[in-house]
Amino acid sequence: MDDAAVHVLVFPWPRQGHINPMLHFATALVDAGVQVSFLHTERNLRRLAHAPPVGLRLLSIPDGQPDDHPPGFLELQESMSTTGSAAYRALLSAAGADSTVTCVVADSTIPFAFDIADELGIPSLAFVTHSACSYLALLSMPKLVELGETAFPADDLVRGVPGMEGFLRRRDLPRGLCCAEKCGEDPLVLKLAEVTARSSKARALIVNTAASMERSALAHIASCTADVFAVGPLHAKSRFAASTSLWREDDGCMAWLDGHEDRSVVYVSLGSLAVITHEQFTEFLAGLAATGYAFLWVLRPDMVQMASSALLREAVGAAEGGRGRVVQWAPQRDVLRHRAVGCFLTHAGWNSTLECAVEGVPMVCWPFFVDQQTNSRFVDAVWRTGLDMKDISDRGVVERTVREVMKSDEIRGMAQAMAQQLRRDVAEPGLSSSEFERLVRFIEELKH
Ligand code: UDP
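Because the structure is a prediction, the values reported are computed rather than measured.

### Focus: the overall build of the protein chain
Each helix and strand in the protein chain was counted, giving 17 helices and 13 strands. Whereas a compact globule of 448 residues would reach a radius of gyration of roughly 22 Å, the protein chain reaches 21 Å, a difference of no more than 12%. With respect to the principal axes defined by its C-alpha atoms, the protein chain has extents near 65 × 50 × 45 Å. Residues counted as buried form 50% of the 448 residues belonging to the protein chain.

Right under this line is the structure:
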């Protein structure tokens, strides 16, 4: 590396939904002439199926977990903040492999990345891979607790998240995996609220969103942070077309889609982390079958509690007489772009939401946890690009909601209008594109 150059270390949380947008971000920085190193965990570096984009240097640190053990968020936080942080410190310190780093851009969920960079005198920026609306909800958690507004499920509107008083209900607040009566008592939500508060103190926040989607939330975030750059949706402009997947994609589903009429297929995926019960699986399946539409369903082998993937494939095949197609992992962006896809039944993870929005595909949301609860409320009540089933996975509701979204010209019209706007945002001289240029200048100035 050239000692005199601006050199950014990009450090994502080691999960698929965080790696994807930060890899697109890193690629955009390389294209802007910046030297970039990308920090994976050793486990993920071994799993990557494709070579990195040209010009990007890959580094890795251990995550402190045994290879055969897929850790949960809190467990991974713990081991990353001990084993991972020691390796990160060594890497950045004077004698380390990345001692020429002039700026760290770390995932907003990795507090030690900011603390150590501060100690070593390296400016650090926080990258938010989820939506501005959910970031603001997490930032508002102390206020929500103070107002006693965190009990769920409930349809009561909350006053504790600025700008969302008219439509955000308690059941739309970030939610964890345990059955705590209040999200303000859930360990996962509390941890996320804590790391969010820490990230808001960074030199600046970079959010993978567009001001056209989240103007109000961004303005409220800006009032309590040093600076905010809304540069998304980053994938919409990325030259890195190759897959960023940690799983092997099943391309066969593209030929299957080719054999279907325009907008006749329901694409179903709950992302890389959601795990459902066997009962929820059965309800989804029965609901989808009752719609009469063909469907393409991503069922990861670890996705349904206590069920093998072969058994699940058999169940779908038997129930559907060939109308359903199951894959373990799909080339999602290509699927959403395919003319045969009529709607996306999704957990409303932020990457999935953005990928869907850019293609103008209407959504049926069944949020699983954390930011997805808030995202899905925005899809339904603010952007009106889909409907939110929220915490219900009853077969009748699945059937009715999918039918309604597949048939609604109004929802499709809103989804397509949003897609056009997002394409304008990322094209030059769109707002997200200008924000990215402003960010590159900001990063360059940090060196002086
Ligand atoms: N994804 C994919 N193939 C699949 C399912 C998901 O490539 O079969 C990708 C998807 O395109 C998205 C990411 O995995 O970029 C999931 O991120 P998201 O934020 O939607 O959800 P998470 O997995 O973090 O819950």
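Okay, back to it.
### Quick word on helix α3 (residues 73-92)
Taking 1.5 Å as the rise per residue, α3 with 20 residues should run 28 Å; its terminal C-alpha atoms sit only 25 Å apart, a clear shortfall. Of all bends in α3, the biggest is about 40°, found at Met80. All buried positions along α3 are accounted for by Leu76, Gln77, Met80, Gly84, Ala87, Tyr88, Leu91 and Leu92. Against the buried residues of α3 lie β3 (56-61), α4 (111-119) and α7 (187-199).

### Quick look at the site of the ligand
As a structural note, the neighbourhood of the ligand is formed by 18 residues, with Gly17, Gly271, Ser272, Gly349 and Ser352 the closest of them. Among the secondary structure elements, those contributing two or more residues to the shell around the ligand are α1 (16-31), α12 (332-337) and α13 (350-359). Here the shell around the ligand is built from residues that sort into five nonpolar, eleven polar and two charged.

### Focus on the sheet that holds strand β4 (residues 103-107)
By definition, the strands of a sheet pair up through backbone hydrogen bonds, in either a parallel or an antiparallel sense. A sheet is described by the order of its strands in space; here seven strands give the open sequence β3-β2-β1-β4-β5-β6-β7, paired in parallel fashion. Where the open sheet ends on each side, the last strands, each with one partner, are β3 and β7 (228-230). Strand-to-strand twist across the sheet, computed as the mean angle between neighbouring axes with direction ignored, equals 25°. For strand β5 (residues 124-128) and strand β6 (residues 205-207), the ladder comprises three bridges, and the chain directions are parallel.

### A few points about the sheet that holds strand β10 (residues 324-327)
Ordered by their spatial adjacency, six strands build an open sheet running β10-β9-β8-β11-β12-β13, and the pairing between neighbours is parallel. Pairing within the sheet leaves two strands with one partner each, and these edge strands are β10 and β13 (386-388). Averaged over all neighbouring strand pairs, the angle between strand axes comes to 15°, with direction disregarded. Summarising the sheet, strand β8 (residues 265-269) and strand β11 (residues 341-346) pair through five bridges and their orientation is parallel. Bridge pairing in β11 places Ser269 opposite Thr346.

### Quick look at unusual backbone geometry
With an omega of -5°, the peptide bond running from Gly232 to Pro233 counts as cis. Following Glu428, the chain continues to Pro429 via a peptide bond in cis, the omega torsion being 5°. If you trace the backbone, Pro429 turns up in the loop between α16 (409-426) and α17 (431-446). Backbone geometry places Ala348, a non-glycine residue, at a positive phi of 65°. On the secondary structure map, Ala348 appears in the loop between β11 and α13.

### So, the environment of Ser93
Take Ser93: it is sitting in the loop between α3 and β4. With 23 residues separating them in the primary sequence, Ser93 and Ile116 have C-alpha atoms 9.5 Å apart. Dropping the residues within four chain positions of it, Ser93 is found in contact with Ser99 and Leu120.

### Considering the environment of Cys103
Note that Cys103 resides in strand β4. The exposure class assigned to Cys103 is buried, which follows from the 21 C-beta atoms found within 10 Å. If we skip the residues at most four places from it in the chain, Cys103 touches Val8, Ile122, Pro123, Leu125, Ile443 and Leu446.

### Looking at α4
The complete set of buried residues in α4 reads Pro111, Ala113, Phe114, Ile116 and Ala117. Contact partners of the buried residues in α4: β1 (7-11), α3, β4, β5 and α7. In the segment just after α4, Gly121 is the residue with positive phi, at about 75°.

Definitions and cut-offs
Per chain, the residues get numbers from 1 upward, laid out in the order the sequence is written. The predicted origin of the model limits local features to residues at a pLDDT of at least 70 and limits the giving and counting of side-chain atom pairs to 80 or more, whereas totals for whole chains, interfaces and linings rest on all residues. Numbering of helices and strands starts at the N terminus; helices are DSSP runs of H or I of at least 4 residues and strands are runs of E of at least 2. Each radius of gyration is computed over the set of C-alpha atoms, and the globule rule expresses the reference value as 2.2 Å times the number of residues to the power 0.38. Three exposure classes are used, based on other C-beta atoms lying within 10 Å of a residue's own C-beta, which is placed from the backbone: buried for 20 or more, exposed for 12 or fewer, and partly exposed in between. The span you would expect from a helix comes to 1.5 Å times its residue count less one. What is called the bend at a residue is the angle between a pair of axes, fitted to the seven residues leading up to and ending at it and to the seven starting from it. C-beta atoms are placed from the backbone for every residue, and two residues are taken to be in contact when these atoms lie within 7 Å. Being near a molecule or strand means, for a residue, that its C-beta atom, positioned from the backbone, comes within 6 Å of it. Classification convention: Asp, Glu, Lys, Arg as charged; Ala, Val, Leu, Ile, Met, Phe, Trp, Tyr, Cys, Pro as nonpolar; all other residues, Gly among them, as polar. Only when DSSP finds a minimum of two bridges between them are two strands counted as paired. In this analysis, axes come from line fits to C-alpha atoms, helices being fitted only over the stretch in contact, and the angle between any two N-to-C directions falls in the range 0 to 180 degrees.

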